[in-house]
Amino acid sequence: MSEAWPVAIAQGWHPLAALDALGSKPVARRLMGTLVVLFLSAGKPVVMLDRCPHRALKLSDGCVRGGAIACPYHGWRFGADGRCVEVPGSDEVPAVSARVLPVEIRAGLVWTCLAETPPPFPRLPALLDDPALDHFRWLVAPSRMRLLDGIENMLDASHPHYVHPWFLRGTGKRRAMRVEVSLGPDGAQAVYHENARAEGIMPRLLEGKRTVSIGRYFPPTIGQLEFRTDRGLSVSLTAIFVPEDTDLVRPYALFSTRRGIAPNWLKRWVLKAFNLPLLRQDQRVLADQVEALKDWGAVDFAIGPADLIGPTVWRLANGRPQAVEQREAILYL
Ligand code: FES
Ligand SMILES: [Fe+2]
């Protein structure tokens, strides 16, 4: 590992790939600087350290035969339990194993954990399993950001005017908005009482009159945005932030929308088309933040009146307590 990761991140469960994306070839991933490989053995996903015990070659550069992964150098094969099952050219098999990591399949994703003793699987948003909604995934390439800054960015309502002008908020006069904030050991939530036709281009086209928007933090690595009209949920975006390396994060975006507005393929197309420029804008500012921090090293961040959820992200990700707290704020958004 290339840095001291916050304890709840280091010990946490992280997705590595969509289950339905796994096929006959091994998939290489990086998790907190550790190389891992995924493959299917008898139809079940297996995750191992991506290092052959023989001479340390990457197993992900090999192939899968008979449910075992074969190293590209001398062809040693390792089964789903990590044990070596074949040394080509010999009847003998040494008692060596590749290290196998635990696997959980949730929300259609294959998750693993690098901790010696994995903690219980974290709480996932219930909405991801709601059969009454349409769901789709949006998998994008990793980009430069610090993990906790990426999570905070998603849940921060005060940057869109600057980073996403026209897209999410209007550029005219701001409106007063009551915000209910709930914090606690299980996460954080901020409910913005909007009660108006949203002003940005995207919400205008997709939603009409918005009643509330909600930002939620599910520790340690999940952010969720939910937008509601008086007909209920219009769209929700859940993002799972995976720390691939220092300053390199791969987000898994899961969209959930109300049925009946439009066919799922059309919503998928429209939401991706609208969110791509937003993603690029956020990626740019988060990469700039990485650069800025290089000049200053570890600095303490000031906490402003609109930083409703960020401090809870820092606390819980670092294994520090978050007291139960309910309060209201007025913001002009
Ligand atoms: S390095 Fe893997 S089999 Fe030799
Ligand atoms: Fe943003």
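Criteria and cut-off values
- Residues numbered from 1 in each chain as written.
- Chains lettered and ligands numbered in written order.
- Predicted model: local features only at pLDDT ≥ 70, side-chain atom pairs only at ≥ 80, totals over all residues.
- Heavy atoms only, no water.
- Pairing = 2+ DSSP bridges.
- Helix = DSSP H or I, 4+ residues; strand = E, 2+ residues; numbered from the N terminus.
- Core = buried A, V, L, I, M, F, W, Y, C linked by side-chain atoms within 4.5 Å.
- Buried < 20%, exposed > 50% of the residue type's maximum accessible area, 1.4 Å probe, protein only.
- Domains from an automatic or database assignment.
- Contact = heavy atoms within 4.5 Å.
- Buried area = accessible area lost by both parts, 1.4 Å probe.
- Salt bridge = Lys/Arg side-chain N within 4 Å of Asp/Glu carboxyl O.
- Polar contact = N/O pair within 3.5 Å; in protein donor to acceptor, adjacent residues only side chain to side chain.
- Nonpolar A, V, L, I, M, F, W, Y, C, P; charged D, E, K, R; others polar.
- Phe/Tyr/Trp six-rings, centres within 6.5 Å; stacked < 30°, edge-to-face > 60°.
- UniProt positions renumbered as here; feature names shortened; annotations may be inferred.
- Axes fitted to C-alpha atoms, helices over the stretch in contact; angles between N-to-C directions.
- Parallel < 35°, antiparallel > 145°, perpendicular 65-115°, else oblique.
- Left-handed = near helix turned anticlockwise from the far one by under 90°.
- Donors = N, O, S within 2.8 Å, 3.2 Å for Na, K, Ca; no water.
- Tetrahedral: all angles 85-135°; square planar, octahedral: opposite > 155°, others 65-115°.

Regarding the sheet that holds strand β8 (residues 84–86)
Taken together, 4 strands build an open sheet; the order of strands is β5-β6-β7-β8 and the sheet is antiparallel. Edge positions in the open sheet fall to β5 (63–65) and β8, since each of these has one partner strand only. Bridge count for strand β6 (residues 68–70) against strand β7 (residues 77–78) is 2 bridges, and the pairing is antiparallel. Note on β7: the bridge partner recorded for Ile 69 is Phe 78.

With respect to the nonpolar core
One recurring pattern in soluble globular proteins is that nonpolar side chains are buried together. Among the nonpolar cores identified, the biggest contains 68 residues, and Tyr 192 and Tyr 217 are the most heavily contacted of them. Looking at this core element by element, the count peaks at 6 residues for strand β18 (residues 232–245). Two domains each provide a minimum of three residues to this core, namely domain 1 (7–113) and domain 2 (126–332). Other than its neighbours up to four places away in sequence, Tyr 192 contacts Leu 155, Ala 157, Met 177, Arg 178, Val 179, Thr 211, Val 212, Ser 213, Leu 308, Leu 331 and Leu 333. With 13 residues, the next largest nonpolar core counts Val 46, Met 48, Phe 78 and Val 87 among its residues.

Quick notes on the domain arrangement of the protein chain
When its domains are assigned, the protein chain resolves into domain 1 (7–113) and domain 2 (126–332). Contact with domain 1, which involves 18 residues of that partner, is made by 20 residues of domain 2. Buried area between domain 1 and domain 2, summed over both chains or domains, comes out near 1500 Å², and the portion from carbon and sulfur atoms is 62%. By the criterion of area lost to domain 2, the three top residues of domain 1 are Ile 9, Pro 15 and Arg 30, representing 30% of everything that side buries. Run the count over domain 1 and domain 2 and you get 2 salt bridges. Linking domain 1 to domain 2 there are 8 residue pairs in polar contact (both at pLDDT 80 or more). Elements supplying a minimum of two residues to the side of domain 1 that touches domain 2: α1 (7–10), β1 (13–18), β2 (27–31) and β11 (109–113). If you tally residues by element for the side of domain 1 that touches domain 2, the top one is β1, at 5 residues. Classifying every residue of the side of domain 1 that touches domain 2 by side-chain character gives 12 nonpolar, 3 polar and 3 charged.

Focus: the pattern of salt bridges
This structure, assessed with the given rule, holds 16 salt bridges. For Arg 146, the salt bridge is made with Asp 149, and the minimal N-O distance between the two is 2.6 Å. The shortest N-O distance in the salt bridge between Arg 216 and Glu 226 comes to 2.7 Å. A residue pair is termed long-range when its members are at least 10 positions apart, and Arg 216 in strand β16 (residues 209–218) and Glu 226 in strand β17 (residues 222–229) qualify at 10 residues. Where salt bridges share partners, they join Asp 134, Arg 259 and Lys 267 into one cluster.

Some words on the packing of aromatic side chains
According to the stated counting rule, one finds 5 aromatic pairs in the structure shown. Both rings, one in Trp 111 and one in Phe 121, keep their centres 4.9 Å apart while their planes meet at 75°; by these two values the pair is edge-to-face. Placement of Trp 111 in strand β11 and of Phe 121 in the loop between β11 and β12 (133–139) is noted, with a sequence separation of 10 residues between them. Trp 111 sits in the buried class, given a relative accessible area of 1%.

Some thoughts on the UniProt feature "domain: Rieske" (unreviewed entry) in the protein chain
Under the present numbering, the feature "domain: Rieske" (unreviewed entry) in UniProt falls on residues 13–112. Taken end to end, residues 13–112 is 0% helix and 45% strand, and its first and last C-alpha atoms sit 5 Å apart.

Section: the side chain of Thr 312
Here Thr 312 shows up in helix α6 (residues 310–317). Ignoring sequence-local partners within four residues, the contact set of Thr 312 consists of Leu 183, Gly 187, Ala 188, Tyr 217 and Gln 322.

Looking at the packing of helix α2 (residues 147–155) against helix α5 (residues 264–296)
A pair of packed helices can be characterised by two numbers: the angle between their axes and the separation between those axes. Direction vectors running N to C along α2 and α5 enclose 140°, while the axes themselves pass 11 Å from each other. Our classification of the angle between α2 and α5 gives oblique. In the packing of α2 onto α5, the handedness of the crossing is right-handed. Across the interface between the two elements, Asp 149, Gly 150 and Asn 153 from α2 touch Asp 282, Val 285, Leu 286, Gln 289 and Leu 293 from α5.

Remarks on the coordination of the iron ion (ligand 2)
Distances from the iron ion (ligand 2) to its protein donors, His 159 (NE2), His 164 (NE2), Asp 282 (OD) and Asp 282 (OD), fall within 2.1 to 2.3 Å. Taken together, the 4 donor atoms coordinating the iron ion (ligand 2) and their angles of 57 to 146° define a geometry best described as irregular. Mapped onto the sequence, the residues coordinating the iron ion (ligand 2) show the spacing H-x4-H-x117-D. Placement of the pair is His 159 in the loop between α2 and α3 (160–163) and Asp 282 in helix α5, with a sequence separation of 123 residues. The exposure class of His 159 is buried, given its relative accessible area of 12%. Judged by relative accessible area, Asp 282 falls into the buried class, the value being 15%.

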